[in-house]
Structure formats: C-alpha cells, structure tokens
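This is what each chain is made of:
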Amino acid sequence: MNVEQADILIIGAGPAGAVAAGLLRRQGCSVLVLEREQFPRFSIGESLLPQSMAYIEEAGMLQDVIEAGFQYKNGAAFAWRDRHTAFDFREKFSCGWGTTYQVQRARFDKVLADAASRMGAEIRYRHEVIAADVSGDQPVVTVRAPDGSTYQVRASFMLDASGFGRILPRLLQLEQPSNFPVRGAIFTHIEDRVPPASFDRNKILISVHPEHTDVWYWTIPFSDGRCSLGVVARQDFLAQYDGTETERLQALVAEMPYLAGLLAHARWDTPARQIVGYSSNVKSLWGKGFALLGNAGEFLDPVFSSGVTIAFKSASLATACIERQHRGEAVDWQADFAVPLKRGVDTFRTFVEAWYEGGFQRIIFHPDQTDEIRRMISAILAGYAWDTTNPFVAESRRRLAVLEELCAG
Ligand code: FAD
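The structure contained in this document is the topic of the report that follows. Treat the numbers as computed from the prediction; the structure is a model and nothing was measured.

### Structural notes on the pairing of strand 8 (residues 128–133)
Now for step 1: Looking at chain direction, strand 8 and strand 9 (residues 140–144) are connected through 5 bridges and run antiparallel. When the sheet's bridge partners are listed, Val129 is paired in strand 9 with Val143.
Now for step 2: Hairpin remark: strand 8 followed by strand 9, antiparallel, with 6 residues in the connecting loop.

### Quick word on the packing of helix 9 (residues 307–326) against helix 10 (residues 333–357)
Now for step 1: Direction vectors running N to C along helix 9 and helix 10 enclose 165 degrees, while the axes themselves pass 10 Å from each other. It follows that helix 9 is roughly antiparallel to helix 10 by the angle criterion. At the point where helix 9 passes helix 10, the crossing takes the right-handed sense. Across from Ile310, Lys313, Ser314, Leu317, Ala318, Cys321, Ile322, Arg324 and Gln325 in helix 9, the residues of helix 10 making contact are Trp333, Asp336, Phe337, Pro340, Leu341, Val345 and Phe348.

### Description of the pattern of salt bridges
Now for step 1: Per the stated rule, a full pass over the model turns up 27 salt bridges.
Now for step 2: Residue Arg166 pairs with Glu175 through a salt bridge whose shortest N-O separation is 3.0 Å.
Now for step 3: Arg349 serves as the salt-bridge partner of Asp346, at 2.7 Å between the closest nitrogen and oxygen. Of this pair, Asp346 and Arg349 both sit in helix 10, separated by 3 residues, roughly a single helical turn.
Now for step 4: A single network of salt bridges, built from pairs that share partners, joins Glu191, Arg193, Arg226, Arg267 and Asp269.

### Observations concerning the nonpolar core
Now for step 1: Counting 124 residues, the largest nonpolar core has Ile10, Leu159, Phe337, Trp355 and Phe360 as the members making the most contacts within it.
Now for step 2: Top contributing element to this core by residue count: helix 10, with 11 residues.
Now for step 3: Setting aside anything within four residues of it in sequence, one finds Leu159 in contact with Ile8, Leu9, Ile10, Ile11, Ala20, Leu24, Ala291, Leu293, Ala318 and Ile322.
Now for step 4: Judged by nonpolar contacts, the second largest core, of 25 residues, contains Val215, Val231, Leu249 and Val253.

What counts, and at which threshold
- Residues numbered from 1 in each chain as written.
- Predicted model: local features only at pLDDT ≥ 70, side-chain atom pairs only at ≥ 80, totals over all residues.
- Heavy atoms only, no water.
- Pairing = 2+ DSSP bridges.
- Helix = DSSP H or I, 4+ residues; strand = E, 2+ residues; numbered from the N terminus.
- Axes fitted to C-alpha atoms, helices over the stretch in contact; angles between N-to-C directions.
- Parallel < 35°, antiparallel > 145°, perpendicular 65-115°, else oblique.
- Left-handed = near helix turned anticlockwise from the far one by under 90°.
- Contact = heavy atoms within 4.5 Å.
- Salt bridge = Lys/Arg side-chain N within 4 Å of Asp/Glu carboxyl O.
- Core = buried A, V, L, I, M, F, W, Y, C linked by side-chain atoms within 4.5 Å.
- Buried < 20%, exposed > 50% of the residue type's maximum accessible area, 1.4 Å probe, protein only.

Listed below in structure tokens is the structure:
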C-alpha cells in the first residue's frame, strides 16, 4: 500500500479540524486534513457562543465569518409557563466578545474549511480514515479514497477532529460512557413566520416543557427568516411519541403553549430527524503522537450551546502544544492540554447537571437577581467557562448550590 508522509495530520474538517488547521498554518506547519464527507454537508450545532469568536479570530478566519452574513446573536432567552427571562451576553463578568452568530452549519463549516485551505492547508474531501496504528514511532492511518482505493499516511503528529465519528476513541478503545442519561433530540429547519415584534431574533430561545422540566426546546433563528427548531428529552420519554419525526416534534411543540403560539404560522418544509445518545467521554484526551479535539473527545449536552466553543478551545490548546514541540520544548500533554481543557468543560458540566436537576432553572426564572450575579451567569452562558476570576467558574458547584438554596427559599 502506498504510504505518504505528512507533518501534522488532522482527521475531520469540522470546526475543530478547520480551526486547528488554520492555527497550524499560521505557525508555518504543513497540514493535511482528511475529511470523510463532501462539503457543504449538514451538521447540528448552530448557535455559537461569544467566547468562540476569540478562536475564530486567533485562527485568522474572522473576516470570512463576518462576510458570510450569518444571524447576529447577543444572548439567550428562556421561557417556562408564563415566566420569561433573557441574558444579554454584552452584560457579562468576563472580558471579551459579547456577540456572535447563529449559523447554518453546512455553510459555516465550509467557510472555515475554505479559509483553512486558502491559508495553505491541504483538505482532501471524501477521504475516510478507516484504521489507525499508534504503536510505532509515528502514528499511521489507513485511508479510503473516493474511488475505493486505500493508502496510508504517516504523520509526525495527529489530531483527531472526527466529531461524532470518534475515530480514534473507537479504533484505540479509548471510549468511556458518559455519566449523563441517554437523551435524544428531534430537530428540523422551518420557515418560522414569527411576527418580528414577538420574537428577538438576536437570541437563542430555550423553552422548557410546562410539566417535564428536563424536556426543553431550542429555537435558533437564522438570518433568512428560517430557524432551527429541536426538542431534547430522555430517550424513554421520546419513545412515547409515534409517527414520523416531524409529527413527533409537532406533538411535542404543541405541549409548550408559548412556543406553539410563536410558531402557529410556521411552514414545516423539511423532514425532522432524530439523534440519540450523543453524550460521550474518553479515557484520555491524548496519547503518544496524537490528541483528541472537540467531540472526538468529550461531548456533554447541547443545552448551553457549548460544543463548538469547546471544539475551538481544544484546537487552540493542542496547536499551542504542537508549536512548543516544534521548538524542541518538552510538552506534558496532560498538564498543558487535557487539564486546562477540562477546566471549562467541567464548569459547563456543573451547569448542565444543575439544569437537568432543576436548580439552574429555579435561579434564572427567579424574580429577584442581583446584577452582579446575572453578569457572572451571563459570562458562563457566553462561553467564558475558563475564566477563573469568575466565582461561578472557580467554585461553580458550591456557588450554584448556595444560589439554588436562596432561590428555593
Ligand atoms: P464535527 O462538527 O462533528 O466535525 C467532524 C468532522 O469529521 C465531520 O465533518 C465528519 O464528516 C468528519 N469525520 C468523521 N469521521 C471521519 C473519518 N473516519 N475520516 C475522516 N473524516 C471524518 N454546539 C454548539 O456550539 N451550539 C449548538 O447550538 C449545539 N447544538 C447541538 C444540538 C445537538 C442535538 C447536538 C447533539 C449537538 C449540538 N452541539 C452544539 C454540539 C456540536 O454539534 C458539536 O460540538 C460540534 O459540531 C463539534 O465539532 P467537531 O469539529 O468536534 O466535530
């Protein structure tokens, strides 16, 4: 079999892979990206967090994203029964970007991948990694080309950015079950036809089911009068609903009167689809000659739209380690990559757990909140989960527990 030699090999050209490729090109590294699909291709994960903008900027892709004309986003709104609250991300504790975008991922991922190519990364579409061997001096992968033929690539270092493909975790037996129960999402894109006065299109809307508060809906407006609509619930709860995925989603929307009212005139023109059991974890985020980025590592839960931000953060940390390796410095991948990445992931984890246990919902829907606490929570919701000067990052579990108790009283 033909064996090629690459410097840095990246598996997958989604957000993690494309931003990593851009960052590495800025360091002057030669980069080969192998991507299974032809872009543009559909992906879920359409609401970005302001923190993600810093990594897009760091990768030199900001202008490309701005010029793409995506829907501006400045916050998150929440609805439950007759209670409504909204966080404006510009009013936040942490420094940095306070606005971002809501993106059709097919186009967004192509914008990033095209920017990486323009910066000199070689991206091979429809080239699927089917095997990996990390036992030698350098990692080697086996690749299936579009014509069905196979070849191998040996690299000085490999980044697995294969997302839900989770290629290295699966091939190297690194997978570990997530602590979260198995949840699923049913989702689609619709022409929403919501009257402008009744809906702030600059915010994601998270609606909570009136009776089952661990069931929630996302409404993510786009810039073209359409929106992404989805519901998340435990798999056993979703199983009660019959029919096509569209009928099941419509039945669930009908149970949330505020959302059903907003979408009363929507045109449902795209068949809904379902994804189940997406939360995942790994035994280790790195190994000899490789590191795992984005969803190829750990994926928590969609509720706080943290996935793409974590993917970018992992790309930023890993490429900084590679740069130091290239300078001949010793890199401790656990201390310099895995531990700092997990810091923010663990902050999000605490908030996700508090969301499903109900405590976080009690906090945000509580009528009395100080501006200072709201700014700290707004910063987390904006993605600043690594800012340890925020007490809700430094001591997230204790702080949330105290606040939950106050709100319960
Ligand atoms: P991906 O985006 O999955 O990209 C991986 C790429 O690798 C793909 O292009 C794939 O084709 C390629 N690939 C896979 N296998 C191979 C292979 N063997 N060889 C070569 N290429 C391969 N995140 C947010 O930030 N905001 C949201 O609003 C949000 N909503 C979500 C809603 C739901 C229901 C779910 C499940 C997730 C949501 N997420 C959200 C998370 C988001 O989808 C992911 O975190 C994000 O896409 C991760 O990016 P990535 O680059 O790691 O992987």
